[in-house]
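# Analysis of the macromolecular model
What follows is each chain in one-letter form.
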Amino acid sequence: MPVILCGGNGTRLWPRSRASKPKPFLPLLGDRTLFQSTLDRCSDHEMFDPPTIVIGEQHLEFARAQAADVPGDPLFIVEPMGRNTAPAIALAALALDPDQIMLVCPSDHHIVDPDAFRSAARSAATLARDDWMVSFGIAATSPETGYGYIRRGEAVGDGFRVHSFVEKPDMERAITFLADGNYAWNGGIFAFKACTYLAELETHRPEIFAAVSTAFERGNRDGETIRPEAAEFAKVEKESVDYAVMENTQRAAMVDVSMGWSDIGNWDALVEQRGSGTQDNVVVGPGEIIGSSGTMIDSDGPHVTVVGADNIVVVVDGDDVLVVSRDAVQRVGEAKRCSGT
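Moving on: the environment of Pro 87. Along the chain, the position of Pro 87 falls in helix H3 (residues 85–95). Not counting chain neighbours up to four residues away, the residues in contact with Pro 87 comprise Ile 208, Val 212, Phe 233, Val 236, Glu 237 and Glu 239.

So, in structure tokens, the structure goes:
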């Protein structure tokens, strides 16, 4: 059962991505949005059931429209407010049969090789049937400081025990991890039985389990739409599945996968995925780049010309213009207008 998590405001890709329409619902790479591509990867009806989509009220109509061509009837669980991934996954688990295997996927990641993704999902499901809590360990191809890491332990079934989860490292440690070869990126994709997840959550975060369960029980269902009770859900503590469950369970496992993965976490990542590398340029919309390298223009209207400026990103979205050095893209979220619509 694919469980697609649609959360966050995508402020690191402002001004194209906004709270009113964040990055999962934008066609950033090709004609399909990241959300639609996530659904496409899980569309084989012989392998996957129709998806369960956990989403906020303000983005529900985007998701409904973009999931209109999904076979079967997706189940929508509408969060009254965001409470991070541990509660969101718990809502989905409560809605499913206890022994159903959940394949938890963020809605805004880019994967070049969907066949590799599906192969890893099969291996993860095999482990999950034996009550393992499985993370996808994504092949680390560079010393990234923006990702958490997973260190492999001994082999088990089609994967490995997790030796440890490692927080985002500094560059020196990231280089060490890459050279070691025993570390993978933690991409936030998981597989486990619904009942196993709920049992682990109740063990390690009983307050979250109780509050989510009450909100779910007091909520209402209208066809394929479930809305937890808002006042009760507001009491739920915000916490990620990594901190609440995966770093505490004694049943953590991982499967290795190399699938051309990116979380498209900032403008620099999008430049890379659009194929510029470090020497070429990317122009989306009307624009021209002269005497520059590693530069991208993304404009929805005005013609933009960049001359002699290397490694910058220029984005025009309506009345908003962003000009940022590629080595400073992590600071885009500091812009005052990021909080607007």
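A word on the packing of H3 against helix H7 (residues 206–217). Contact geometry for H3 and H7: axes closest at 10 Å, N-to-C directions at 55 degrees. Classed by the angle they form, the pair H3 and H7 counts as oblique. In the packing of H3 onto H7, the handedness of the crossing is right-handed. On H7, the residues that touch Pro 87, Ala 90, Leu 91, Leu 94 and Ala 95 of H3 are Ile 208, Val 212, Ser 213 and Phe 216. Residues of the contact of H3 with H7, tallied by class, amount to 8 nonpolar, 1 polar and no charged.

In terms of burial, strand S1 (residues 2–6) is a largely internal element, 5 of the 5 residues being buried. Here S1 shows a buried face lined by Pro 2, Ile 4 and Cys 6 and a second buried face lined by Val 3 and Leu 5. For S1 and strand S4 (residues 101–106), the ladder comprises 4 bridges, and the chain directions are parallel. Looking across to S4, one finds that Leu 5 is bridged to Pro 106. Strand direction decides the pairing type here: S1 and strand S2 (residues 52–56), joined by 4 bridges, are parallel.

Moving on, we come to the pattern of salt bridges. One pass over the full model with this rule turns up 21 salt bridges. In this structure, Arg 118 engages Asp 115 in a salt bridge whose closest nitrogen and oxygen atoms are separated by 2.9 Å. In this pair, Arg 118 and Asp 115 both sit in helix H4 (residues 114–129), 3 residues apart, roughly one turn of the helix. Among the residues examined, Arg 118 registers a relative accessible area of 16% and is labelled buried. For the salt bridge of Arg 331 with Glu 334, the shortest nitrogen-to-oxygen distance reads 3.0 Å. As far as the burial class goes, Arg 331 and Glu 334 line up, both exposed.

A word on the nonpolar core. Core analysis: the largest hydrophobic core is formed by 43 residues, its most contacted members being Phe 35, Ile 53, Leu 103, Phe 117, Phe 136 and Met 259. Here this core gets 6 residues from one element, more than from any other, and that element is H4. Excluding residues within four positions of it along the chain, Phe 117 makes contact with Arg 41, Cys 42, Leu 103, Cys 105, Ile 111, Phe 136, Ile 189, Val 257 and Met 259. Core analysis: the next-biggest nonpolar cluster, separate from the first, contains 42 residues, Ala 88, Val 162, Phe 165 and Phe 216 among them.

This model, assessed by the stated rule, comprises 10 aromatic pairs. Ring geometry for Phe 117 and Phe 136: centres 6.0 Å apart, planes at 40 degrees, overall tilted. With Phe 117 in helix H4 and Phe 136 in strand S6 (residues 133–139), this residue pair connects regions lying 19 residues apart in the sequence. Both residues of the pair, Phe 117 and Phe 136, count as buried. The side chain of Arg 64 reaches across the aromatic face of Phe 76, ending 5.0 Å from its centre. Its guanidinium or amino end placed over the ring of Trp 132, Arg 251 lies 3.9 Å from that ring's centre, counting from NZ or CZ.

Along the chain, His 59 turns up in the loop between S2 and helix H2 (60–66). Filtering out sequence-adjacent residues up to four positions away, His 59 remains in contact with Gly 8, Ala 19, Ser 20, Pro 22 and Phe 25.

Cut-offs and rules
- Residues numbered from 1 in each chain as written.
- Predicted model: local features only at pLDDT ≥ 70, side-chain atom pairs only at ≥ 80, totals over all residues.
- Heavy atoms only, no water.
- Helix = DSSP H or I, 4+ residues; strand = E, 2+ residues; numbered from the N terminus.
- Contact = heavy atoms within 4.5 Å.
- Axes fitted to C-alpha atoms, helices over the stretch in contact; angles between N-to-C directions.
- Parallel < 35°, antiparallel > 145°, perpendicular 65-115°, else oblique.
- Left-handed = near helix turned anticlockwise from the far one by under 90°.
- Nonpolar A, V, L, I, M, F, W, Y, C, P; charged D, E, K, R; others polar.
- Buried < 20%, exposed > 50% of the residue type's maximum accessible area, 1.4 Å probe, protein only.
- Pairing = 2+ DSSP bridges.
- Salt bridge = Lys/Arg side-chain N within 4 Å of Asp/Glu carboxyl O.
- Core = buried A, V, L, I, M, F, W, Y, C linked by side-chain atoms within 4.5 Å.
- Phe/Tyr/Trp six-rings, centres within 6.5 Å; stacked < 30°, edge-to-face > 60°.
- Lys NZ or Arg CZ within 6 Å of the ring centre and 35° of its normal.

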